[in-house]
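Structure assessment
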Amino acid sequence: MLRYAYLRILGAIPTLLLVIAIAFLMVHAAPGGPFDAARVLPPAIEKNVQAAYHLDDSLPQQFLGYLQGLAHGDFGPSYRYRDYTVAELIGGALPLSMRLGALAMLLAIAAGVSAGVIAALRKNTLLDRLVSGVAMIGISIPIFVVAPLMVLVFAVFLDWLPASWASGGASRLLMPVVALALPQIAYIARLTRASMINVMSSDFVRTARAQGLSTASIVRYHAIKPAMLPLLSYMGPAIAGILTGSVVVEEVFGIPGVGQFFIRGALNRDYTLVLGITILYAALVILLNLAVDLLYGVLDPRMRDR
Amino acid sequence: MSRLHALLLALILALTACGDGARQVADDVSLLHRGTGEEPESLDVHKSRSTEAGHVQRDLGEGLVGYTPDGELRAAAAERWTISADGTEYVFFLRPEARWSTGEPVTADDFVYSLRRLVNPETAAFYVQSVGEILNANEIIGGEMEVESLGAEAVDSHQLKISLRRAVPYFISLMSHPSTFPVHRGSVEKFGDAHARPGNLVSNGAYQLVEWAVGSHIEIRRNEYYWDNANTAIDRVFHYVTPEPIVELNRYRAGELHVTRTIPPESFKQMKAERPDEVRVSPALGVYYYGFNMTNPAFGDNPKLREALSMAIDRDFLVDLVGRGEAPAYSWVPYGTANYDPQTYSWARLSKDDRERKARQLYEEAGYGSRRTFRPEIRYNTSETHRQIAVAVQSMWRSVLGVEARLINEEFQVLLQNIQQRESIDIFRLNWDGDYNDAHTFLSTLESDNPSNMTGYQSAEFDSLMQRAGAQIDPDLRKAFLEEAENRMLRDHPLIPMYFYVNKHMVSSRVTGWGDNVLNYHYSQHLSFAADE
């Protein structure tokens, strides 16, 4: 298994390089530059600034320079946040985004799997319809509606929770985590329900029933593991997405995470910052997909020998 | 399973553990919480140009002069100054008691060092317009002369002489701009580009930098060595990054902010009704306009068409639409600009019907009408307000003239590029905010060779009037030339001014010392908390 993991990671390097090259071309192809503003720089100043950030080099030269820096772990200076390097910005924001993302994912898995299992066991009852209905609402109402609404209700009107991250205290975690988790809960509940219904009608479950096992034991010892398999494939990219932050949640709650850097970086044409986050995201997706594949082996004995 | 449970529990506890202590928000009278808008791009006064950076920099640093809460020029790092008879030589007498946050005295050498760093091409400073009129500044920026040749010298430790290439009446107000603040030589030489970061930044203003959590806030605290420290009331100030106005307002309503950067249009009426005493609105030095691409013959060669399009717009309606006290604009230089009388279009006072009739007549004289419809594109950057205004303008042009305009929204950077390339652009939305309180900051952007001349307006007559204004030492003569220049430009209609901006803030009723001023400068050192009623 170790050898397999090792080969997979080696195989990911060309993928990553390709991602970097495409992202590099795309950010530079976007119209406008990082130093454009309504207050246009006089030509002499424009020249000085371009030179200071090596933007006067040819594009291939810039790309090679960027790759050279990357090889040394240098993601370059941010064009927008001029007192900081990209590595510092991401390094400062990532732990927070990951912390929130991990909490949200734990909450989502706990709530989503429970709801999904209950709905599956009570298939086509009122309870099932309720769970499915709520899940549908969770998926269709976007975070940018839910999150500000939460702030209005819990921070402005009821004054129970702080409206922003900067206000301090552990209670500031609550709303962002719930807002991040809501759509995930919905997805996970739906996936779990479908997969659980599938598993519960399979032969080995029927055998277990024939042996007189209770539904609770069947679910706990036999059905839950195989029912998690489709969920696992979904979790790889989902976790990568949630760990790198959500721009909406970060903006609404004033959280200094990676998500807002990504969007602001793109809008400000902060080439290096956007590239840095893209690389981070791509690396995370690759790693998590690998983790998912390895977990498959753990959960499904049939996969182990392949 | 129980081991897994324990592991999960430990993980959750670790993740929820609060790294930093909870901060008291509302009631501590030594703490001020302000919304700052977008994140400052840098706290190095030579690496920034945004108004947001300026707000924080004015708390940290201090220029030769500053402003009172009511917008009157005041002595700051310089306690007085003299101006030569020809207006080209300034001698600033620095306060002997002025100190850096390290306790070292602020000297004339510090200013000379900083001004030289500002114009040094290696610094690649973004905003050097503030010192463009200092002798040899532009040549140094262009790499043609040595930095030592800059017209700024230390006569002695506390006497700074600045020589200009010509008399510039508003020069003194430029010396309040953060780009002219002194930087601390010792830390710049030690830390280089990292000198403006927490722990490194040495400042000479009322506050010093404590923490900068990028994406969240900048914390500053009282500079004990500041010469006027006795009059600073608030010990610590938090400048929060609040790019989304509605999010900022919610934080204010939840009691987490004392002062907001702005008030979003969709909530303005509600705030005005619910908290009338906390809504602070005052005229600003900014104008919202539509520009014509003057290099496109359809516009450039057809002044009557441009005038007709301008006249057909009901500015009163637009002002109602935005609805925060903005003033309809019939000129380019905003009301309230110092040493200036507002100029207006000749038809500004006409009734709506007369104005529209005249507009239709011009439109027909321009060669359009029922048989030939004019179909321009209006480009604006993505924003709800800009969209609403574009839709209103589109419908006014349709109903008054029969013009069929197409609306295109673009990301701001894309719009800017399209404007500058002047290829696929007809009419564009932009705004211009004054950098200093003088008509020159508005009018100069229409000079033929000004890089911020977005329309591509070229008028030899306008340029020569601006030049003659620049050569005047007599303020009255200068004012007359500037006014004449604006009138010339208004008659040419390279752009359509729509309304003049207002500064709008929510200010907690507990905050005192707040003054409304056109520059929108609100130094934290002037603010304090009212004693509880």
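Refer to the structure presented above.
Residues numbered from 1 in each chain as written. Chains lettered and ligands numbered in written order. Predicted model: local features only at pLDDT ≥ 70, side-chain atom pairs only at ≥ 80, totals over all residues.

1. With respect to the overall build of chain B
Helix and strand content of chain B: 17 helices and 18 strands. For 533 residues, the compact-globule estimate of 2.2 N^0.38 gives 24 Å, and chain B sits close to it at 26 Å. For the C-alpha atoms alone, the extent of chain B along its principal axes is close to 75 × 75 × 50 Å. Counting every position in chain B, which comprises 533 residues, the buried fraction comes to 47%. The long-range share in chain B, meaning contacts at least 24 apart out of those at least 6 apart in sequence, stands at 66%. (Helix = DSSP H or I, 4+ residues; strand = E, 2+ residues; numbered from the N terminus. Rg over C-alpha atoms; globule rule 2.2 N^0.38 Å. Buried ≥ 20, exposed ≤ 12 C-beta atoms within 10 Å, placed from the backbone. Contact = placed C-beta atoms within 7 Å.)

2. Thoughts on the overall build of chain A
Across its full length, chain A holds 13 helices and zero strands. Each helix and strand of chain A, placed in order from N terminus to C terminus, yields the pattern α-α-α-α-α-α-α-α-α-α-α-α-α. With the principal axes as the frame, chain A shows a C-alpha extent of 85 × 55 × 30 Å. The buried share among the 306 residues of chain A stands at 40%. Expressed as a percentage of contacts within chain A between residues at least 6 apart in sequence, the contacts between residues at least 24 apart total 72%.

3. Some words on helix 5 (residues 126-140) of chain A
One turn of the α-helix equals 3.6 residues, which is why residues spaced by three or four share an orientation. Residues and elements named next belong to chain A. Taking 1.5 Å of rise per residue, the 15 residues of helix 5 would be expected to cover 21 Å, and the 21 Å separating its terminal C-alpha atoms lies within 8% of that figure. Among all positions of helix 5, only Val131, Ala135 and Gly138 are buried. Along the axis of helix 5, the buried residues cluster in a sector spanning 60 degrees; they form a single face. Within helix 5, the exposed residues directed more than 90 degrees away from the buried face are Leu126, Arg129, Gly133, Ile137 and Ser140. For helix 5, the secondary structure elements touched by its buried residues are helix 4 (86-121) and helix 7 (174-200). (Expected span 1.5 Å × (residues − 1). Arc of directions from axis to C-beta.)

4. Considering the sheet that holds strand 12 (residues 327-328) of chain B
Residue and element names in this part refer to chain B. Spatial strand order, 12-16-11-15-13-14: six strands in an open sheet with mixed pairing. Pairing within the sheet leaves two strands with one partner each, and these edge strands are strand 12 and strand 14 (406-410). With ten bridges joining them, strand 11 (residues 279-292) and strand 16 (residues 495-506) adopt antiparallel strand pairing. From the neighbouring strand, tyrosine 290 faces strand 16, where its bridge partner is isoleucine 496. (Pairing = 2+ DSSP bridges.)

5. Digging into the pairing of strand 9 (residues 217-222) of chain B
Consecutive side chains along a regular strand alternate between the two faces of the sheet. All names here are of chain B. Summarising burial for strand 9: five of the six residues are buried, a large majority. Two strands pair when backbone bridges link them, and strand 8 (residues 207-213) and strand 9 are joined in this way by six bridges, in the antiparallel orientation. For tyrosine 207, the partnering residue across the bridge sits in strand 9 and is arginine 222. If you look at the hairpin formed by strand 8 and strand 9, you'll find three residues sitting between the two strands, and glycine 215 has a positive phi there, around 90 degrees. In the sheet, strand 9 pairs with strand 10 (residues 236-240) via five bridges, with the strands oriented antiparallel. Considered in strand 10, the bridge of isoleucine 220 is made with valine 237.

6. Here's the deal with the interface of chain B and chain A
The interface of chain B with chain A comprises 47 residues on the first partner and 49 residues on the second. Secondary structure elements with two or more residues in the side of chain B that touches chain A: helix 1 (2-16), helix 7 (245-253) and helix 14 (412-421) of chain B. Taken together, the residues of the side of chain B that touches chain A break down into 23 nonpolar, eleven polar and 13 charged. (Nonpolar A, V, L, I, M, F, W, Y, C, P; charged D, E, K, R; others polar.)

7. Here's the deal with the packing of helix 16 (residues 460-470) of chain B against helix 17 (residues 475-492) of chain B
The angle between the axes and the distance between the axes are what describe a pair of packed helices. All names here are of chain B. As a packed pair, helix 16 and helix 17 sit with axes 8 Å apart at the nearest point and diverge in direction by 165 degrees. It follows from the interaxial angle that helix 16 and helix 17 lie roughly antiparallel. Like other packed secondary-structure pairs, helix 16 and helix 17 cross with a definite hand, here left-handed. Mapping the contact onto sequence places Glu461, Phe462, Leu465, Met466, Arg468 and Ala469 in helix 16 and Arg478, Phe481, Leu482, Glu484, Ala485, Arg488 and Met489 in helix 17. (Axes fitted to C-alpha atoms, helices over the stretch in contact; angles between N-to-C directions. Parallel < 35°, antiparallel > 145°, perpendicular 65-115°, else oblique. Left-handed = near helix turned anticlockwise from the far one by under 90°.)

8. Here we look at the nonpolar core
In terms of nonpolar packing, the biggest core is built from 148 residues, with A:Leu89, A:Ala104, A:Ala179 and B:Val119 touching the most fellow members. No other element matches helix 4 of chain A, which puts 17 residues into this core. The contact partners of A:Ala104, leaving out residues within four places of it in the chain, are A:Val177, A:Leu180, A:Ala181, A:Gln184 and A:Ile242. B:Val287, B:Met311, B:Phe442 and B:Val502 belong to the second largest nonpolar core, which has 67 residues in total. (Core = buried A, V, L, I, M, F, W, Y, C linked by C-beta atoms within 7 Å.)

9. What to know about the sheet that holds strand 10 of chain B
Residue and element names in this part refer to chain B. An order of 1-10-9-8 is seen for the four strands of this open sheet, with the pairing classed as mixed. Sheet topology places strand 1 (31-35) and strand 8 at the edges, where each strand pairs with a single neighbour. The mean angle between the axes of side-by-side strands here comes to 20 degrees, regardless of whether they run parallel or antiparallel. Those strands touched by helix 2 (residues 51-60) are strand 8, strand 9 and strand 10, and its axis lies near 140 degrees from that of strand 8.

10. A short note on the packing of helix 7 of chain A against helix 9 (residues 215-227) of chain A
All names here are of chain A. Between helix 7 and helix 9, whose axes approach to 9 Å, the crossing angle comes to 130 degrees. Compared by their axis directions, helix 7 and helix 9 come out oblique. Considering the relative orientation of helix 7 and helix 9, their crossing is right-handed. Between helix 7 and helix 9, the contacting residues are Thr192, Ser195, Met196, Val199 and Met200 on the first element and Ala223, Pro226 and Ala227 on the second.

11. A short note on the pairing of strand 4 (residues 78-83) of chain B
All names here are of chain B. Taken together, the five bridges between strand 4 and strand 5 (residues 89-94) define a ladder with antiparallel strand orientation. Across the sheet, threonine 82 pairs through a bridge with valine 91, a residue of strand 5. Count of turn residues in the strand 4/strand 5 antiparallel hairpin: five residues, of which glycine 87 carries a positive phi of about 75 degrees.

12. Some remarks on the environment of B:Arg116
Residues and elements named next belong to chain B. Along the chain, the position of arginine 116 falls in helix 3 (residues 108-119). The class of arginine 116 is partly exposed, set by 18 C-beta atoms lying within 10 Å. Here the alpha-carbon distance between arginine 116 and valine 147, two residues 31 residues apart in the chain, equals 5.8 Å. When residues no more than four places from it in sequence are discounted, the contact partners of arginine 116 are Val147 and Leu150.

13. A look at unusual backbone geometry
Residue and element names in this part refer to chain B. The phi dihedral of asparagine 136 falls on the positive side, at around 70 degrees, and the residue is not glycine. Its place among the elements puts asparagine 136 in the loop between helix 3 and helix 4 (137-141). Here asparagine 136 falls in the partly exposed class, since 19 other C-beta atoms lie within 10 Å of it.

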